[in-house]
Every structure is written in C-alpha cells, then in structure tokens.
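# Structural overview
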Amino acid sequence: ARGVARVELVRHYKNEKSFYWPNIKKHWEREEPPALDALEVLGMPEEYVKKGAFDDKYKKPEGKEIKVFAVVELGGKQYKVCPNDLVFVDSRADLEVNEIIECQRILLIGSKDETIIGRPYVPNTSVVAVVESQFMEAKKIVFKKKRRSNYRRHNGFRQKLTRLRILS
C-alpha cells in the first residue's frame, strides 16, 4: 500500500473558479518508517574507531615479519594494505596527527597460505593505523578548451589528503 491520493482544488482567490482547467494538487499520505540507525540495521561496523594518540615516532617492530595483507574500506574506497605501509586517503577533518585509529571494515585478509573473504566484512578483525600528516597534494591543472570559439579555462585544483601508516 503506497498511499491514498487526495485531490484538492487550489484557488488563488476566494470566489475564483478555474476557467479552463481546475488547478489540482495531489498529496500523498504515507506512513514514515521508524527511524533506525542504518549501520545497526545492516550489521555493518563503524568505519574506524579512535584509539588514542601516538607519542613517539613510529619504529618498525623487531623480529620475524609475517607477510599478511588486508583489503580495507575507508571513505567508500578500498585499499590493499600490509604492515608498515603508507596509505593516502581523502582528508578526514575529525582526525589529528599522531592519532591511532582502528579500521573495522575489513573486506579480505590474505597471506601466502590462506585467504579469508568477508561477506561483506570479516568479523572480529581490525587494522590499526596512525595518522602521520594531513596535507594538500601538488596542484593539478584543469584546462578546458573549445576550438574555434575562443573558449579557454585554466584552473588549478589541490586535493586535501591524510597520510596513514599501517601498524598492524
């Protein structure tokens, strides 16, 4: 049941009648669904959780390195990450430099021996990263031209980026 149409005659003045055609408006009366948090309904984890601040400069951990990679969803885009990788994502205003975040939307985890594919996300997994810097990338030139009409536009554009270092 999509709703019931109610036809209402609209007159601009009290005694005015439409000469050619009645001015008709249709109003649809629909019941609004109860307000629910979209992430809870779909069972999706939050994109990332802030875990605190990082005091010292990052040092590579000592010992045997495990060759593992993960596919992480950040800002609607997917990134393949390994430990100690640098990832450049679109700017995040709510993140500050040296802040540790835990990304919970992991689509895939893989190693040489085994691969785990999430449906849509791998449960009980996370990738920990630290925000190294927030900056603007080099200027990109946007040049538009239409031939034989003396139309030229020369603009520059600088994208704001956030640099993340993957810890684990």
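Report follows, based on the coordinates. (Residues numbered from 1 in each chain as written. Predicted model: local features only at pLDDT ≥ 70, side-chain atom pairs only at ≥ 80, totals over all residues. Heavy atoms only, no water.)

### Focus on the overall build of the protein
Inclusion rule: Secondary structure elements follow DSSP: runs of H or I of four or more residues count as helices, runs of E of two or more count as strands, with numbering from the N terminus. The buried label goes to any residue with under 20% of its type's maximum accessible area, the exposed label to any with over 50%, and the partly exposed label to all in between, with areas taken from a 1.4 Å probe on protein chains only. Residues count as neighbours in contact if any of their non-hydrogen atoms are within 4.5 Å of one another. Note that accessible areas follow from Shrake-Rupley with a 1.4 Å probe, and for residues the cover is restricted to the protein chains shown.
Broken down by element type, the protein carries one helix and 13 strands. Taking all 168 residues of the protein together, the buried fraction comes to 23%. Relative to all contacts within the protein whose residues are 6 or more apart in sequence, the contacts with residues 24 or more apart total 65%. In the form shown here, the protein has an accessible surface area of approximately 13900 Å², with 51% of it arising from carbon and sulfur atoms.

### What to know about the nonpolar core
For soluble globular proteins, the rule of thumb is that nonpolar side chains tend to be buried together. The test is simple: Take the buried residues of types Ala, Val, Leu, Ile, Met, Phe, Trp, Tyr and Cys, join any two whose side-chain atoms come within 4.5 Å, and each joined set is a nonpolar core.
Counting residues in hydrophobic clusters, the biggest one holds 17 residues, and the most contacted among them are Val72, Leu74, Val81, Val127 and Leu164. Counting residues per element, the ones that place at least two in this core are strand 4 (68–74), strand 5 (77–81), strand 6 (86–90), strand 7 (99–103), strand 10 (127–136) and strand 13 (160–166). Not counting residues up to four positions away in its chain, the partners in contact with Val127 are Ala70, Val72, Val81, Ile101, Glu102, Cys103, Ile106, Ile166 and Ser168.

### Digging into the side chain of Arg92
You can see Arg92 is positioned in the loop between strand 6 and strand 7. According to the relative accessible area criterion, Arg92 is buried, its value standing at 15%. Every residue in contact with Arg92, bar those within four places of it in the chain, is listed here: Glu47, Tyr48, Leu74, Gly75, Gln134 and Thr162.

### Things to note about the sheet that holds strand 6
Rules: Only strands joined by at least two bridges in the DSSP assignment are considered to pair. Angular values range over 0 to 180 degrees, each being the angle between N-to-C directions of two axes fitted as lines to C-alpha atoms, with helices fitted over their stretch in contact.
The strand order across the open sheet built from five strands is 3-7-10-13-6, with neighbouring strands paired in antiparallel fashion. The two strands at the open ends of the sheet, each matched to only one other strand, are strand 3 (48–53) and strand 6. Averaged over all pairs of adjacent strands, the angle between their axes in this sheet comes to 35°, without regard to strand direction. Pairing of strand 10 with strand 13 involves seven bridges; the strand directions are antiparallel.

### So, the pairing of strand 12 (residues 151–157)
Pairing of strand 11 (residues 140–146) with strand 12, which is carried by seven bridges, proceeds in the antiparallel orientation. From the neighbouring strand, Lys145 faces strand 12, where its bridge partner is Arg152.

### Some words on unusual backbone geometry
Following Arg119, the chain continues to Pro120 via a peptide bond in cis, the omega torsion being -5°. Note on placement: Pro120 falls in the loop between strand 9 (115–117) and strand 10. With a phi close to 70°, Asn84 is a non-glycine residue in the positive phi region. Along the chain, the position of Asn84 falls in the loop between strand 5 and strand 6. Residue Asn84 is classed as partly exposed on the basis of its relative accessible area of 25%. Positive phi, close to 60°, is recorded for Arg148, a residue that is not glycine. Structurally, Arg148 is set in the loop between strand 11 and strand 12.

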